[in-house]
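One-letter residues, chain by chain:
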Amino acid sequence: MKYGGWLRLNYVIHDKSSFMTAWSYAIRKSRPHTELFLVVLAVSLVFISDLKAQWKSETRFALYETYDNNAGEAPENEPSLGNNFYLSADAQYTLPENPTAGTLSGQFKSYNMLFYSNAGKNRTMNQLNVRYAIPLSKGFVLQPMARGEIKQYGNDKRNYRVFGTGFTAYLTTKKQWMFSTEATRTKVIFPSFRPFNNLSDMIFLTVRIPVFTRHSIHGSAFAGNHRYSKLAVSNLYHNLYMQQRDNTFGASLGPELVFKDWMAHVTYHYRAIYSNSYGSSFSFHKIEVMALAKISKGFFLKLYGSTQKRNYHDRVASADVSSTMVGVDFQSAIAELGKKFGGDFEVKLRFHWFRNQVLFSDLYYNRGVISVGIEKEI
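Residues numbered from 1 in each chain as written. Predicted model: local features only at pLDDT ≥ 70, side-chain atom pairs only at ≥ 80, totals over all residues. Heavy atoms only, no water.

1. Quick notes on the side chain of Thr267
Here's step 1: Mapped onto the fold, Thr267 is located in strand β11 (residues 262-275).
Here's step 2: At 3.4 Å, the side chain of Thr267 forms a polar contact with the side chain of His265.
Here's step 3: In this structure, Thr267 is in contact with Ser252, Leu253, Gly254, Lys286, Ile287 and Glu288, ignoring residues within four places of it in sequence. (Helix = DSSP H or I, 4+ residues; strand = E, 2+ residues; numbered from the N terminus. Polar contact = N/O pair within 3.5 Å; in protein donor to acceptor, adjacent residues only side chain to side chain. Contact = heavy atoms within 4.5 Å.)

The following block contains the structure:
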């Protein structure tokens, strides 16, 4: 897929004819049967704009010069120089003649990495989310949603598409306790690894409890299943003539601390997957820490770190496409120093290190990325 057709969407969200031109260009340069879901979501925003609604929108652009010491994500490092850029567009509206009818919101994001001397490792990821919040009573909101995500590499086979639908119900009490439940159905497609295509049904329950006005405790639990196109296998790697099915459940818990010049969020995660296919069952414990601090006038510092301990129930550690490409890194660390100039322009220096498992092996790779660039709200 060519990048241009997707990126134009960020600049034309107010102009209906250009909006349609951008999407038609993207369709012609991609695979219509996999992109159709995103097209339907985008077109729906165009038709709704005819309902005399006032759009509220925000578009953000970022451009970074980057050094990547392992662009190929392989056990042996492959240093590369390049640039990456990021575009996002958020829009929402409420019908002025009936504000209680609900609020539609749409969000498009595009992440792109281009390497000067290693074009085969170029990659782009595009996301589109559409939600419609319907207030049913005081403090209770129902929110249907639909989303799509496409990740495309230059000459790498790890491309994927994600399409999902569902709804979320929110309940906020007088004491600002917030409860929510979410049900989703998600289809994941791997064009080069079609046996790993899967359909997932998930249910999430979350709660947010305020503590001393500013602080809060967050907790969540989830359960669901993943159904694959491929057959399950026995411990001798013979086909069992039934499709692989993974049942999963998990939970998370942690505090959020908010002070005058800094805030922090610490979360513990647990997840278990039980599969009818040998080698696909595993569980992990994960710790995640995020912090944001204002260190002086106009300067801010962001920190993020995560680590996990994974246990393969069958003592097989050969990760497949389903457990390495759509998910989280094994270990990750991010440090970002930024300086604001005015209300809509920032200069940032960022370091990102992460460790993950190599596809279809028990080897791991390390990757470090150093970036310096600008971000601007348009």
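2. Side note on a nonpolar patch on the surface
Here's step 1: A surface patch of nonpolar side chains, amounting to about 910 Å² of accessible area, comprises Tyr67, Leu81, Tyr116, Ile295, Phe299, Leu337, Leu349, Phe351, Ile370 and Val372.
Here's step 2: Elements supplying a minimum of two residues to the nonpolar patch: β15 (345-357) and β16 (364-377). (Patch = residues over 30% accessible without salt bridge, like charges linked within 9 Å, V, L, I, M, F, W, Y side chains within 5 Å. Areas by Shrake-Rupley, 256 points an atom, 1.4 Å probe, with all protein chains shown as cover. Salt bridge = Lys/Arg side-chain N within 4 Å of Asp/Glu carboxyl O.)

3. A look at the environment of Phe249
Here's step 1: For Phe249, the position within the fold is in strand β10 (residues 239-258).
Here's step 2: Ignoring sequence-local partners within four residues, the contact set of Phe249 consists of Phe222, Ala223, Tyr270, Arg271, Ala272 and Tyr274.

4. Points about the pattern of salt bridges
Here's step 1: For the structure shown, the criterion picks out 13 salt bridges.
Here's step 2: Among the ionic pairs, Arg227 bridges to Asp201, the shortest N-O distance being 3.0 Å. With Arg227 in strand β9 (residues 215-233) and Asp201 in strand β8 (residues 198-211), the pair connects residues that are 26 residues apart, well separated along the chain.
Here's step 3: In this structure, a network of salt bridges that share partners links the residues Arg60, Lys302, Glu336, Glu346, Lys348, Arg350, Glu375 and Glu377.

5. Description of the pairing of β15
Here's step 1: Two elements, strand β14 (residues 331-341) and β15, share 11 bridges in a ladder whose sense is antiparallel. Residue pairing for β15: Gly338 is matched across the bridge by Lys348.
Here's step 2: Across 13 bridges, β15 lies against β16 in antiparallel orientation. Within β16, the position partnered with Phe351 by the bridge is Ile370. (Pairing = 2+ DSSP bridges.)

6. Regarding the pairing of strand β13 (residues 299-312)
Here's step 1: As judged from the 14 bridges shared by strand β12 (residues 282-296) and β13, these two strands associate in the antiparallel manner. Bridge pairing links Ala291 to Leu303 in β13.
Here's step 2: Two successive antiparallel strands, β12 and β13, enclose a turn made up of two residues, where Gly298 displays a positive phi of approximately 85°.
Here's step 3: In this sheet, β14 lies alongside β13 in antiparallel orientation, the contact comprising nine bridges. Note on β14: the bridge partner recorded for Tyr304 is Ile334.

7. Observations concerning the packing of aromatic side chains
Here's step 1: Under the criterion given, the structure shown has nine aromatic pairs.
Here's step 2: Ring geometry for Trp177 versus Phe179: centroids 6.2 Å apart, planes at 35°, classification tilted.
Here's step 3: Of the residues examined, Phe179 reaches a relative accessible area of 35% and is grouped as partly exposed.
Here's step 4: Ring geometry for Phe282 and Tyr312: centres 5.8 Å apart, planes at 45°, overall tilted. Taken together, the residues Phe282 in strand β12 and Tyr312 in strand β13 connect sequence positions 30 residues apart. Each member of the pair, Phe282 as well as Tyr312, is classed as buried.
Here's step 5: Among the aromatic side chains, those forming a connected cluster through ring pairs are Phe249, Tyr270 and Tyr274. (Phe/Tyr/Trp six-rings, centres within 6.5 Å; stacked < 30°, edge-to-face > 60°. Buried < 20%, exposed > 50% of the residue type's maximum accessible area, 1.4 Å probe, protein only.)

8. Considerations on a positive patch on the surface
Here's step 1: Judged by side-chain charge, Arg214, Lys260, Lys294 and Lys297 come together as a positively charged surface patch.
Here's step 2: In this fold, Lys260 is placed in the loop between β10 and β11. (Lys, Arg positive; Asp, Glu negative; His and termini not counted. Charge placed at Lys NZ, Arg CZ, Asp CG, Glu CD.)

9. Topic: unusual backbone geometry
Here's step 1: Of note, Gln176 is a non-glycine position whose phi angle comes to about 70°, a positive value.
Here's step 2: Position of Gln176 relative to the elements: it lies in the loop between β6 (160-172) and β7 (178-189).
Here's step 3: Of note in this structure, Tyr241 is not a glycine but carries a positive phi near 60°.
Here's step 4: Overall, the relative accessible area of 71% leaves Tyr241 in the exposed class.

10. Section: the nonpolar core
Here's step 1: Membership of the largest hydrophobic core is limited to seven residues, which are Met125, Tyr160, Val162, Val188, Phe190, Phe193 and Phe196.
Here's step 2: The next biggest cluster of nonpolar side chains, apart from the first, holds five residues, and it includes Phe282, Phe284, Tyr312 and Phe330. (Core = buried A, V, L, I, M, F, W, Y, C linked by side-chain atoms within 4.5 Å.)

That's the geometry; what it means functionally is another story.
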